[in-house]
Protein chains: 2
Amino acid sequence: MVVESLSGRIPAEQRREQILDAAIEQFGLSGYAGTTTDQVARAAGISQPYVVRMFGSKERLYVAAVERARDAVLDAFRAVLAAPAAEPDGHLMARLGAAYIDLVQDRGILRMLMQGFLGGADPVVGPVARAGFLEIYRMLRDEAGLAAADAVDFLAHGMLYNTLLTLALPEAADDTGRELLECAFGAKLDLVLRAVGPGSGSSGRA
Amino acid sequence: MVVESLSGRIPAEQRREQILDAAIEQFGLSGYAGTTTDQVARAAGISQPYVVRMFGSKERLYVAAVERARDAVLDAFRAVLAAPAAEPDGHLMARLGAAYIDLVQDRGILRMLMQGFLGGADPVVGPVARAGFLEIYRMLRDEAGLAAADAVDFLAHGMLYNTLLTLALPEAADDTGRELLECAFGAKLDLVLRAVGPGSGSSGRA
DNA sequence: CTCGTTGGTAATCCGATGATTACTTGGGAC
DNA sequence: GTCCCAAGTAATCATCGGATTACCAACGAG
């Protein structure tokens, strides 16, 4: 997970990417206010002042992390559109859905997206989050060619995925929870559970 | 919005309710870490130490606020089930959906719910949030009598509502946004927009 | 009236945290 | 080699925030 390569003196752009990876993980877990720049720095393997100096402020780092999470979604969907349909019975929406499930196996990205949505009321984060969401919708409609109603249905179930996964239901579900998961994810459930594994799989804190 | 009644010496239980109302509003806006106990206290019209003493700690107050938001949802749905169906064509799910839209006109409750979901990874909030979500699901299935697939579909669209509303899309939508809103809310859109009104309606900070 | 219980606050403490400043080191150009 | 810029850190600051302590004030019972 965390960058392990004992890294002396790395070009700034590469370091920037490492910081953003760490920021998504940490901000995703604890939100903007709940995450310290020092946590991000440690996760990226550098010192706290360098994080601040690289991005100017914590707030700007946060916005960059939100944008990066949005780009991850857009990239994942565009990869599906670029790839040839292997199976003829695989409808586009199903393939997009599977790609999304795959993407958000990285719970950092998933939670970062959700954090972004919740920032809708914030004067700085809000506009970024709204524009990002609409960009994804436009992509589904214009590039993937989904009808508006289909795109909305796709998004709705995506949001349910988001909720169930951030709730960590797959990791800790009783009978009711399992029924809900089966019904929500359908055939994709094994995709979800494969990553969780048979163990309790509780990922500890940093 | 904020309790205005110049209130000297109020019974503790009543004060507790005021604090919880304020907590839902504030925590919903800024999350757990982003909200100070002093903000909650001011919004409730009392002093900061009293808030802490009443609930023991900020964390316990937060958990209580999450539970209260959950109860608000359960109560709203049970009210629908208890009321006689006025119109025969009004399907149960549509009536439940309308009740939900109505409930989350209070954006504080809406955002508090979302904050709770995002706390799924937290060792304290997580279990509460998971149990609360499953409780709502069980209610839909057992008390409302929805088929599991219908309940899941209902929840999925509810989660899309949540996202669109926390993003504050109704308050600030371009053409794409309006199309998305129309498609997502359908006939319920006027219910949503009625509260927002023709003005910009940007509700200021506390 | 007085007294104890409940409702409530002012003052204060201590740790945490984002930012700033000043400093050090590595490595490529020539 | 030496020079200089990019990469990076240690030390420090000012502020904020949750919790604690000690104290004050209504109100009802007797």
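Residue numbers here run from 1 along each chain, matching the order of that chain's written sequence. Chains carry letters from A onward and ligands carry numbers from 1 onward, assigned in written order. For this predicted model, a pLDDT threshold of at least 70 governs which residues receive local features, and a threshold of 80 or more governs which side-chain atom pairs are given and counted, while totals over whole chains, interfaces and linings are taken from all residues. Neither water nor hydrogens contribute to the side-chain values; these are computed over all heavy atoms in the structure.

Novice: In this structure, what is going on with helix 7 (residues 125-143) of chain A? I would like to understand it.
Specialist: An α-helix turns once per 3.6 residues; consequently, residues spaced three or four apart project the same way. When the terminal C-alpha atoms of helix 7 of chain A are compared, their 26 Å separation across 19 residues agrees well with the 27 Å that a helix rising 1.5 Å per residue should span. Each residue's exposure class comes from its accessible area (1.4 Å probe, protein chains only) as a fraction of the maximum for that residue type: buried when under 20%, exposed when over 50%, partly exposed otherwise. Note on conventions: DSSP H or I runs of at least 4 residues are helices, E runs of at least 2 residues are strands, and numbering of each starts at the N terminus. The complete set of buried residues in helix 7 of chain A reads Val125(A), Gly126(A), Ala129(A), Arg130(A), Gly132(A), Phe133(A), Leu134(A), Ile136(A), Tyr137(A), Met139(A) and Leu140(A). Working rule for contacts: check all heavy atoms of both residues, and any pair within 4.5 Å makes them a contact. Elements that come into contact with the buried residues of helix 7 of chain A comprise helix 4 (58-82), helix 5 (92-103), helix 6 (107-118) and helix 8 (148-166) of chain A together with helix 8 (148-166) and helix 9 (175-185) of chain B. A positive phi of about 75 degrees marks Gly145(A), the residue just after helix 7 of chain A. For a helix, the expected span equals 1.5 Å multiplied by the number of residues minus one.

Novice: Could you clarify how one ought to interpret the side chain of Arg111(A) in this entry?
Specialist: Here Arg111(A) shows up in helix 6. What Arg111(A) contacts, discounting residues up to four positions off in sequence, is Gly28(A), Leu29(A), Thr166(A), Leu118(B) and Ala121(B).

Novice: Would you take a moment to explain the UniProt feature "DNA-binding region" (unreviewed entry) in chain A for this structure?
Specialist: UniProt positions are given in the numbering used here, feature names are shortened, and annotations may be inferred rather than shown by experiment. UniProt records the feature "DNA-binding region" (unreviewed entry) for residues 36-55 of chain A in the present numbering. Across residues 36-55 of chain A one finds 80% helix and 0% strand; the C-alpha atoms that close the span lie 14 Å apart.

Novice: Can you walk me through the protein's contact with DNA strand D in this structure?
Specialist: Neighbouring residues are identified by heavy atoms, a residue being near a molecule or strand if any of them is within 4 Å of it. Residues in contact with DNA strand D amount to 19 residues; listed here are only the nearest, Ile10(A), Ala12(A), Arg15(A), Ser47(A) and Thr37(B). Restricting the count to atoms of DNA strand D within 4 Å of the protein gives a sugar and phosphate share of 61%. Counting of polar contacts relies on pairs of N or O atoms within 3.5 Å, with two restrictions inside protein: one atom must be capable of donating a hydrogen and the other of accepting it, and residues adjacent in sequence are counted only when both atoms are side-chain atoms. Within the contact set of DNA strand D, a base nitrogen lies 3.0 Å away from a side-chain nitrogen or oxygen of Arg9(A). Contact between DNA strand D and Gln48(B): a base nitrogen at 3.0 Å from a side-chain N or O atom of the residue. When contributions to the surface near DNA strand D are tallied by element, the ones reaching two or more residues are helix 1 (12-34) and helix 3 (48-55) of chain A together with helix 3 (48-55) of chain B. Polar here means any residue other than Ala, Val, Leu, Ile, Met, Phe, Trp, Tyr, Cys and Pro, which are nonpolar, and Asp, Glu, Lys and Arg, which are charged; Gly is therefore polar. Along the lines of polarity and charge, the residues of the surface near DNA strand D split into 8 nonpolar, 6 polar and 5 charged.

Novice: Can you help me understand the relation of the copies chain A and chain B in this one?
Specialist: Both copies of the chain are related through a single rotation about an axis accompanied by a shift along the same axis. Copy-to-copy alignment: least squares on C-alpha atoms, limited to residues at pLDDT 70 or above in both. Laying chain A over chain B is done by rotating through 180 degrees and shifting 0.0 Å along the axis; what remains is an RMSD of 0.0 Å. What we have between these two chains is a two-fold relation.

Novice: What am I meant to see in the packing of aromatic side chains here?
Specialist: When we look at a pair of aromatic rings, we describe it by the centre distance and by the angle of the planes. Centres within 6.5 Å make a pair out of two Phe, Tyr or Trp rings, where for Trp the six-membered ring is used; the pair is then stacked when the planes are under 30 degrees apart, edge-to-face when over 60, and tilted otherwise. Across all of its chains, the model carries 14 aromatic pairs over all chains by this definition. Plain terms: the ring middles of Phe27(B) and Tyr62(B) are 4.9 Å apart, the flat faces sit at 85 degrees to each other, and that makes the pair edge-to-face. Taken together, the positions of Phe27(B) in helix 1 (residues 12-34) and Tyr62(B) in helix 4 (residues 58-82) put the pair 35 residues apart, joining distant regions of the chain. A relative accessible area of 1% places Phe27(B) in the buried class. Take Tyr62(B): its relative accessible area is 4%, and that puts it in the buried class. Plain terms: the ring middles of Phe77(B) and Phe154(B) are 5.7 Å apart, the flat faces sit at 65 degrees to each other, and that makes the pair edge-to-face. Placement of the pair is Phe77(B) in helix 4 and Phe154(B) in helix 8, with a sequence separation of 77 residues. The structure contains a cluster of three or more aromatic residues connected by ring pairs, namely Phe27(A), Tyr32(A) and Tyr62(A).

Novice: Would you explain the packing of helix 2 (residues 37-44) of chain A against helix 3 of chain A in this entry?
Specialist: Two quantities define a packed helix pair, namely the angle between the helix axes and the distance between the axes. Residues and elements named next belong to chain A. Fitting a line to C-alpha atoms yields each axis, with helices limited to the stretch in contact; the angle taken between N-to-C directions then spans 0 to 180 degrees. For the pair helix 2 and helix 3, interaxial distance at closest approach is 8 Å and the crossing angle is 100 degrees. The pairing of helix 2 with helix 3 is recorded here as roughly perpendicular in orientation. Contacts between helix 2 and helix 3 involve Thr37, Asp38, Val40 and Ala41 from the former and Gln48, Val51 and Val52 from the latter. Here the angle decides the label: under 35 degrees means roughly parallel, over 145 means roughly antiparallel, 65 to 115 means roughly perpendicular, and every other value means oblique.

Novice: Before we go on, may I ask you to explain the side chain of Arg70(A) in this structure?
Specialist: Residue and element names in this part refer to chain A. With respect to the helices, strands and loops of the structure, Arg70 is situated in helix 4. Look at Arg70 and you get buried, because its relative accessible area is 18%. In contact with Arg70, other than residues within four places in its own chain, are Leu113, Gly132 and Glu135.

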